[in-house]
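# Examination of the molecular architecture
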Amino acid sequence: MNAELPARLKSLRLRLVLGLALASSLLWGSVAAWRINSLDEEINAMLDERLMASARMVASIVQQLQPAMPPEPAAADSAQAQQQDVQEQVHSVIGRDGVACEVSLARSEVEVLALARTGGAPPQSTLGAPGFKQITKGGKAWRTYVLAEGELRVATSDPLAQREQLVRAAVLALALPFALALAVVWLLVWWVATLGLRPLERLRRELATRAPTALEPIHSGQDTHELSPLVTSLNALLARTGAALAHERRWTADAAHELRTPLTAIKTQVQVAQMALATPGRSAVAGQALDAALQGIAHMHGTLEQLLQLARLEGQDGASPSSTCGSAIVQAFELAVQQSRQRAQHEGGSATALQVHCQPADTPAWSGVCLPVPDALLTSAIGNLLDNALRHHQGDAPIECRLELHPPAAPWTPATVQVCIRDHGPGMSAQDCESASQRFWRKGASSSAGSGLGLTIARRIAESGGGTLHLAPAQPGLRACLRWPLPATAAD
């Protein structure tokens, strides 16, 4: 069984897991990208604040050590001693924090006296306007903050490479837990999807273990909101399949019964003919037996023809391949009357009088009228009703056969085409009229010469074009009417 499956199957669970994983990855990735960007800004802002705080602190220390104006050239030894004190204070306060610092005295725009510088600090970083800037000294990029308070200038600096390394370390510390959490989320999604699809798996197992002939309703999945419509549709399909199988079983049983009876009669009559031919002087009996056998063959042939026509009609599922329009409707009606007369003469030797009416009588009045039934089927439907009437008609009164076009009874009702046939036979009760159009139904089937399919075929032809077959007691006799509603354009 597995070998018959397609090589590449589409997995709903894989689709669900991949969809949820992709959605979570996009969501978490967007959040992570936003967070990394904000983290970069926060780290740089924090380091800038450190540079500002360090510059202020150094400026405060220098001002405490040099409260007076810068020394004159005559006091060079004293100035050198003060410069050394500033250098030591700067190293002891901020040098150990990794911040590069330079302290200068700007006596004029071109004369700048460097008082102190930490190791590795970029030289002449105090030049330029106060505030933040980026400079390149000695092939290295620096982020520098210059604080100016009078003649005192303090520049604190960080290498940009060091900042980038710090940001990368922070991003790595954030990305690793994110990746681990995302992997755990994917595993959880797979597990949850597997649990969520268990009702579908139970439904699959129930269907796989059912017998081919089992048509009982399915119970798995009815308690699941998403599967309940599917299970309901499957149960409806099983019910229709069961009805179709029962329909076919009845068809087979009824057809076998209908065919077995004339075959038995033919066999009996042939045996009688054989015995009569073997006995001298019994040729008349043999002839009668052979005539009876021929009648049985004709009856069985007619039954088979009716069965085949009914099978073709029911195989169309109510769809008609063409329509009958205009004068073709009248021609189909007249052809049905002619064929029924010929069949009646062939079977009974004499034809019952038929009173045929067509209203309107002039053919042009039917132009624009279309029935959604092929002309051959229309002739067959009318012929079956006429054959039934001729078979059961009694007395001298003629059989009435009418083809009528009725205008709309009200603005909201359609026009109709109606074929009505009324005989004067024994008729049927209202209850019998409801059952008469069922297959193989016959009143007094044991003595009836019909096959029990004529009314069924007429009803199916009427329904294939959206019409109806109505049977009603006529007292005496039976009235059978075929009615087809017409579209509004056809009634104009």
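Residues numbered from 1 in each chain as written. Predicted model: local features only at pLDDT ≥ 70, side-chain atom pairs only at ≥ 80, totals over all residues. Heavy atoms only, no water.

### Let's talk about the overall build of the protein
In plain terms, the rule: Comment: elements are numbered from the N terminus, with helices defined as DSSP H or I runs of at least four residues and strands as E runs of at least two. Relative accessible area decides the class of each residue, using a 1.4 Å probe on protein chains only: under 20% of the type maximum gives buried, over 50% gives exposed, and in between gives partly exposed. Pairs of residues are marked as contacts when any of their non-hydrogen atoms sit within 4.5 Å. Note on areas: Shrake-Rupley with a 1.4 Å probe; residue coverage comes only from the protein chains shown.
Along the backbone of the protein there are eleven helices and twelve strands. Of all 492 residues assigned to the protein, the portion counted as buried reaches 36%. Long-range pairs, those at least 24 residues apart, make up 64% of the contacts in the protein with a sequence separation of at least 6. As presented, the protein carries roughly 28,800 Å² of accessible surface, and 58% of it is formed by carbon and sulfur atoms.

### Quick word on the state of the cysteines
Here is the rule: Counting rule for disulfides: a pair of cysteine sulfur atoms within 2.5 Å.
In total, this model carries two disulfides according to the counting rule given. Across a sulfur-sulfur distance of 2.0 Å, Cys325 and Cys370 are joined as a disulfide pair. Here Cys325 and Cys370 share a disulfide; its torsion about the S-S bond, 115°, makes the bridge right-handed. With Cys325 in strand S6 (residues 324-325) and Cys370 in strand S8 (residues 370-371), this pair connects stretches of sequence that are 45 residues apart. The exposure class of Cys325 is partly exposed, given its relative accessible area of 33%. Given the relative accessible area of 31%, Cys370 is considered partly exposed. Here Cys420 pairs with Cys481 through a disulfide, and the sulfurs are 2.3 Å apart. Taking the sign of the S-S torsion, 115° for the link of Cys420 and Cys481, the bridge is right-handed. Placement of Cys420 in strand S10 (residues 416-422) and of Cys481 in strand S12 (residues 478-485) is noted, with a sequence separation of 61 residues between them. Here the two residues Cys420 and Cys481 agree in accessibility, since each one is buried. In the protein, the bonded cysteines, taken in the order they occur along the sequence, pair up as 1-2, 3-4. Just so you know, Cys401 is unpaired, no disulfide at all, and the nearest cysteine sulfur is the one on Cys420, 9.2 Å from it.

### Concerning the sheet that holds strand S9 (residues 399-406)
For the record, the criterion: For two strands to count as paired, DSSP must find a minimum of two bridges between them. Where helices are involved, their axes are fitted lines through C-alpha atoms of the stretch in contact, as for all axes, and angles between N-to-C directions lie from 0 to 180°.
Pairing is mixed in the open sheet, where five strands are placed in the order S7-S9-S10-S12-S11. Each edge of the sheet is formed by a strand with only one pairing partner; in this case those strands are strand S7 (354-359) and strand S11 (468-473). When the angles between neighbouring strand axes are averaged without regard to direction, this sheet yields 15°. As paired strands, S7 and S9 are joined by six bridges and run parallel to one another. If you follow Gln359 over to S9, its bridge partner there is Glu404. Helix-sheet contacts for helix H8 (residues 375-392) involve S7, S9, S10, S11 and S12, and the interaxial angle to S12 is about 170°.

### Some words on the pairing of S10
Most of S10 sits inside the fold, with seven of its seven residues counted as buried. As paired strands, S9 and S10 are joined by seven bridges and run antiparallel to one another. Bridged to Arg402 within S10 is Cys420. Relative to S12, S10 runs antiparallel, the two sharing seven bridges. Of the residues in S12, the one forming a bridge with Cys420 is Cys481.

### Some words on the pairing of S12
Summarising the sheet, S11 and S12 pair through six bridges and their orientation is antiparallel. The residue of S12 that forms the bridge with His470 is Cys481.

### Quick look at the pattern of salt bridges
Two side chains carrying opposite charge are able to pair once their charged atoms lie near each other. What counts is decided by this rule: Any carboxyl oxygen of Asp or Glu within 4 Å of a side-chain nitrogen of Lys or Arg constitutes a salt bridge here.
This model, assessed by the stated rule, comprises nine salt bridges. Glu201 is the partner of Arg204 in a salt bridge, and the nearest nitrogen-oxygen pair spans 2.7 Å. In this pair, Arg204 and Glu201 both sit in helix H4 (residues 198-209), three residues apart, roughly one turn of the helix. Of the residues examined, Glu201 reaches a relative accessible area of 32% and is grouped as partly exposed. Between Glu463 and Arg460 there is a salt bridge; the shortest N-O distance is 3.8 Å. Of the two residues, Glu463 and Arg460 both sit in helix H10 (residues 454-464), three residues apart, roughly one turn of that helix. The exposure class of Arg460 is buried, given its relative accessible area of 12%.

### Notes on H10
Summarising burial for H10: nine of the eleven residues are buried, a large majority. If you check which residues of H10 are buried, you get Gly454, Leu455, Thr456, Ile457, Ala458, Arg460, Ile461, Ala462 and Ser464. Immediately beyond the C-terminal end of H10, within one or two residues, lies Gly466, with a positive phi of roughly 80°.

### Some remarks on the side chain of Asp423
Put simply, the rule is: We count Lys and Arg on the positive side and Asp and Glu on the negative side, and we leave His and both chain ends out. Here a polar contact means two N or O atoms within 3.5 Å. Within protein one must be a hydrogen donor candidate and the other an acceptor candidate, and residues neighboring in sequence count only if both atoms are side-chain atoms.
Following the sequence through the fold, Asp423 ends up in the loop between S10 and helix H9 (430-435). No salt bridge is formed by the buried Asp423, whose closest oppositely charged neighbour, Arg422, lies at an N-O distance of 6.2 Å. Within the structure, Asp423 has its side chain in polar contact with the backbone nitrogen of Gly425 (distance 2.9 Å). Among all residues touching Asp423, those that are not within four sequence positions of it are Ala389, His393, Ile399, Pro476, Gly477 and Leu478.

### Quick word on the environment of Ala381
For Ala381, the location among the structural elements is in helix H8. Sequence-wise, Ala381 and Ala458 are 77 residues apart; in three dimensions their C-alpha atoms are separated by 4.3 Å. Not counting residues up to four positions away in its chain, the partners in contact with Ala381 are Ala458, Ile461 and Leu482.

By themselves, these figures tell us nothing about what the structure is for.
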